[in-house]
Amino acid sequence: MKKLLDEAAKYLMNTYSRYPVILVKGRGSLVYGMDGKEYLDFVGGIAVNILGHCHPKVVVALQKQAQRLIHVSNLYHIEPQIKLAKLLVENSFADKVFFCNSGAEANEGAIKLARKYAKENISEDRFEIITALNSFHGRTLASLTATGQERFHKGFEPLVPGFKYVPFDDIKALEEAIDEKTCAIMLEPIQGEGGVRVPSENYFKEVRRLCDDNGILLILDEVQTGIGRTGALFAYEHFGIEPDIMTLAKGLGGGVPIGALLAKEKVAQAFVPGSHASTFGGNPLVCQAAIATVETVLEDGILLQECNRLGGYFKKRLYELKDEFSGIIVDIRGMGLMLGMELNRDCTQVVKACMERGVLINCTAGNTIRFTPPLTVSTEEIDQVVEILKDIFRRLS
Ligand SMILES: *Cc1c(COP(=O)(O)O)cnc(C)c1O
């Protein structure tokens, strides 16, 4: 293992501060290190493994498709891609879908689509997009610029022109930021990387009203919240509104890299042959994995119900911890199985202690522990994690 870690340092670009662990296999909520150590995985590939590791439906879909056809060009029709688009359209606000390979790429597509739509349908000089402070939209140049956090921008200037930032969950600030140049408002329904921040109940209704009153498109970045994570297939369903454009990625493929850009017909029409493309986007292999994932999440609504039940139970147990350790835990936030626990300190120490005890959790926004276990997690597994956290907080206080 030491040799492999040395080779990692030698051959890989130093873009991640990784833990000295090599993960080799997984099943459900469990993942195993090369040294045989078992971990309860409440990171889930950062909200990707919505059905846990190596869900049999996803594995079989991949195996079958890998024997038939792995990749052809988007110059030709691909049956799994058509099937997946239909599945997403029939279960969302959208009429049309474009497939790509990641969240950042889906957001790039959304930015391009919004600009082209506004230029062609409203006015030539409508190109500005308003996003939220503490948002996260990806690492490519435009999605990075859309990301309202300076620490991610540093060193990569000049950024893409045409972005403006306002505080999240502040309708007044948004109203004041809108002008004759605004073409879209782009928001996460719940800020993930920003610390699992849920907006107040009426925020999105008011955002929608502002968009409608001013002829502005609403882009929802559901890369993290989508595909059942929050207890509804898409988080916008909780807020009683519909976007004009939505982006998906993380949970969509049950672990394989796939992103999607969804839009209403009138907006989607702005893209014509030549406007946008992706070589790998929506290839047969990833589409089969995504079909298996989305169908399993939707099956009788059982997993969505489970997500709400388990999320509610987990949240209740986290509140118990907060009561007991009020000197450490500041806040509990989130919906479904996208939960955050804000500490009054950096959470690195807690993350490390959990790892030693065989639990993987993730720290976001510096002081917020984020829990994104699979929707297939069990009450017992949640209890195990809570007990281990309790023990760690006891030692800390
Ligand atoms: C992770 C994430 C992205 C970026 O996705 P990548 O696949 O890493 O490019 C974009 N938006 C949100 C809300 C995310 O959580």
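All figures in this text were calculated on a predicted structure; none of them were measured in a lab.

J.: I keep staring at the environment of Leu-220 and nothing clicks. Help me out?
T.: Note on placement: Leu-220 falls in strand β8 (residues 217–221). Taking C-alpha positions, Leu-220 is 14 Å from Thr-230, a pair spaced ten residues apart along the chain. Apart from the residues within four sequence positions on either side, Leu-220 is in contact with Leu-187, Pro-189, Phe-204, Tyr-236, Ile-241, Pro-243, Ile-245, Met-246 and Thr-247.

J.: So what exactly am I meant to see when it comes to helix α12 (residues 302–324) here?
T.: Residues spaced three or four apart along an α-helix point in a common direction, a consequence of the helix completing one turn every 3.6 residues. Here α12 is 23 residues long and its end C-alpha atoms lie 33 Å apart, about the 33 Å a rise of 1.5 Å per residue gives. Of the residues making up α12, those classed as buried are Leu-303, Leu-304, Cys-307, Leu-310, Gly-311, Phe-314, Arg-317, Leu-318 and Leu-321. Residues of α12 that are buried in the fold lie against α11 (284–298), β11 (329–335), β12 (338–343), β15 (368–371) and α14 (379–396).

J.: Quick question: what am I supposed to make of the state of the cysteines here?
T.: Covalent bonding between the sulfur atoms of two cysteines defines a disulfide. What the rule picks out here adds up to one disulfide. The partner cysteine of Cys-347 in its disulfide is Cys-363, sulfur to sulfur 2.5 Å. Between Cys-347 and Cys-363 the sulfur-sulfur dihedral comes to about 85°; the bridge is accordingly right-handed. Here Cys-363 lies in strand β14 (residues 362–364) and Cys-347 lies in the loop between β12 and α13 (348–356), a separation of 16 residues in the sequence. With relative accessibility at 0%, the residue Cys-347 sits in the buried group.

J.: Help me understand α11, please; the structure alone is not making it clear to me.
T.: Between its terminal C-alpha atoms α11 stretches 21 Å, which fits the 21 Å expected from 15 residues at 1.5 Å a residue. Of all the 15 residues making up α11, twelve are buried; the element is thus mostly covered by neighbouring parts of the structure. Tucked inside the fold, the buried residues of α11 contact α3 (56–68), α4 (79–90) and α12. With a side-chain oxygen positioned 3.0 Å from the backbone nitrogen of Leu-285, the residue opening α11 is Asn-283. Looking one or two residues beyond α11, the residue adopting positive phi is Asp-300, at roughly 55°.

J.: Quick question: what am I supposed to make of the packing of α3 against α11 here?
T.: Relative orientation and spacing of two packed helices are given, respectively, by the angle between their axes and the distance between those axes. Relative orientation of the contacting elements α3 and α11 amounts to 155°, with a least axis distance of 8 Å. Between α3 and α11, the interaxial angle falls into the category roughly antiparallel. Crossing handedness for the pair α3 and α11: right-handed. Two secondary-structure elements touch here, α3 through Lys-57, Val-58, Ala-61, Leu-62, Gln-65 and Ala-66 and α11 through Pro-284, Leu-285, Gln-288, Ala-289, Ala-292, Thr-293 and Thr-296. Taken together, the residues of the contact of α3 with α11 sort by class into eight nonpolar, four polar and one charged.

J.: Would you take a moment to explain the site of the ligand for this structure?
T.: The full set of residues close to the ligand is Ser-102, Gly-103, Ala-104, Asn-107, Phe-136, His-137, Gly-138, Glu-188, Asp-221, Val-223, Gln-224 and Lys-250. At 2.8 Å, a backbone N or O of Gly-103 approaches an oxygen atom of the ligand. Summarising the interface, the protein chains cover 81% of the accessible area of the ligand, which totals 380 Å² for the free molecule. No other element matches the three residues that helix α5 (residues 103–121) contributes to the shell around the ligand. Residue composition of the shell around the ligand, by class: three nonpolar, six polar and three charged.

J.: It is not clear to me how unusual backbone geometry should be interpreted in this structure. Could you clarify?
T.: Most peptide bonds are trans, and most residues other than glycine sit at a negative phi. The omega torsion of the bond from Glu-157 to Pro-158 falls at 0°, within 30 degrees of zero and hence cis. Mapped onto the fold, Pro-158 is located in the loop between α7 (150–153) and β6 (163–166). In this structure, Asp-169 is a non-glycine residue whose phi angle is positive, near 65°. Within the element layout of this structure, Asp-169 appears in the loop between β6 and α8 (171–177). A positive phi angle is found at Val-196, which is not glycine, with a value near 50°. Inspection of the secondary structure puts Val-196 in the loop between β7 (182–187) and α9 (203–214). Of the residues examined, Val-196 reaches a relative accessible area of 0% and is grouped as buried.

J.: Help me understand the sheet that holds strand β2 (residues 30–33), please; the structure alone is not making it clear to me.
T.: For sheets, the rule is that strands pair by backbone hydrogen bonds, running either parallel or antiparallel. Taken in spatial order, the four strands make up an open sheet running β1-β2-β3-β13, and their pairing is mixed. The sheet is open, and its two edges are formed by β1 (23–27) and β13 (359–360), each paired on a single side. Two strands pair when backbone bridges link them, and β1 and β2 are joined in this way by four bridges, in the antiparallel orientation. If you follow Gly-26 over to β2, its bridge partner there is Val-31.

J.: I would appreciate a short explanation of the side chain of Thr-296 in the present structure.
T.: Relative to the helices and strands, Thr-296 is located in helix α11. Of the residues examined, Thr-296 reaches a relative accessible area of 9% and is grouped as buried.

J.: Got a minute to help me understand the pairing of β2 in this structure?
T.: Sheet faces and side chains relate simply in a regular strand, where the side chains alternate between the two faces. Hairpin connection from β1 to β2: two residues lie between these consecutive antiparallel strands, with Gly-28 at a positive phi of about 60°. Bridge count between β2 and strand β3 (residues 38–41): three bridges; the pairing is antiparallel. Its bridge partner being in β3, Leu-30 is matched across the sheet by Leu-40. Between β2 and β3, which follow one another and run antiparallel, lie four residues, and Gly-36 among them has a positive phi close to 90°.

J.: Before we go on, may I ask you to explain the pattern of salt bridges in this structure?
T.: Pairing is possible between side chains of opposite charge, provided their charged atoms come close. Enumeration over the complete set of coordinates arrives at 24 salt bridges. A salt bridge links Arg-370 to Glu-193, with the shortest nitrogen-to-oxygen separation between them at 2.7 Å. Taken together, the positions of Arg-370 in strand β15 and Glu-193 in the loop between β7 and α9 put the pair 177 residues apart, joining distant regions of the chain. Summarising the burial analysis for this pair, Arg-370 and Glu-193 share the class buried. Sharing partners across several salt bridges, the network here consists of Arg-317, Glu-320, Asp-383, Glu-387 and Lys-390.

What counts, and at which threshold
Residues numbered from 1 in each chain as written. Predicted model: local features only at pLDDT ≥ 70, side-chain atom pairs only at ≥ 80, totals over all residues. Heavy atoms only, no water. Helix = DSSP H or I, 4+ residues; strand = E, 2+ residues; numbered from the N terminus. Contact = heavy atoms within 4.5 Å. Expected span 1.5 Å × (residues − 1). Buried < 20%, exposed > 50% of the residue type's maximum accessible area, 1.4 Å probe, protein only. Disulfide = S-S within 2.5 Å. Polar contact = N/O pair within 3.5 Å; in protein donor to acceptor, adjacent residues only side chain to side chain. Axes fitted to C-alpha atoms, helices over the stretch in contact; angles between N-to-C directions. Parallel < 35°, antiparallel > 145°, perpendicular 65-115°, else oblique. Left-handed = near helix turned anticlockwise from the far one by under 90°. Nonpolar A, V, L, I, M, F, W, Y, C, P; charged D, E, K, R; others polar. Near = heavy atom within 4 Å. Areas by Shrake-Rupley, 256 points an atom, 1.4 Å probe, with all protein chains shown as cover. Pairing = 2+ DSSP bridges. Salt bridge = Lys/Arg side-chain N within 4 Å of Asp/Glu carboxyl O.

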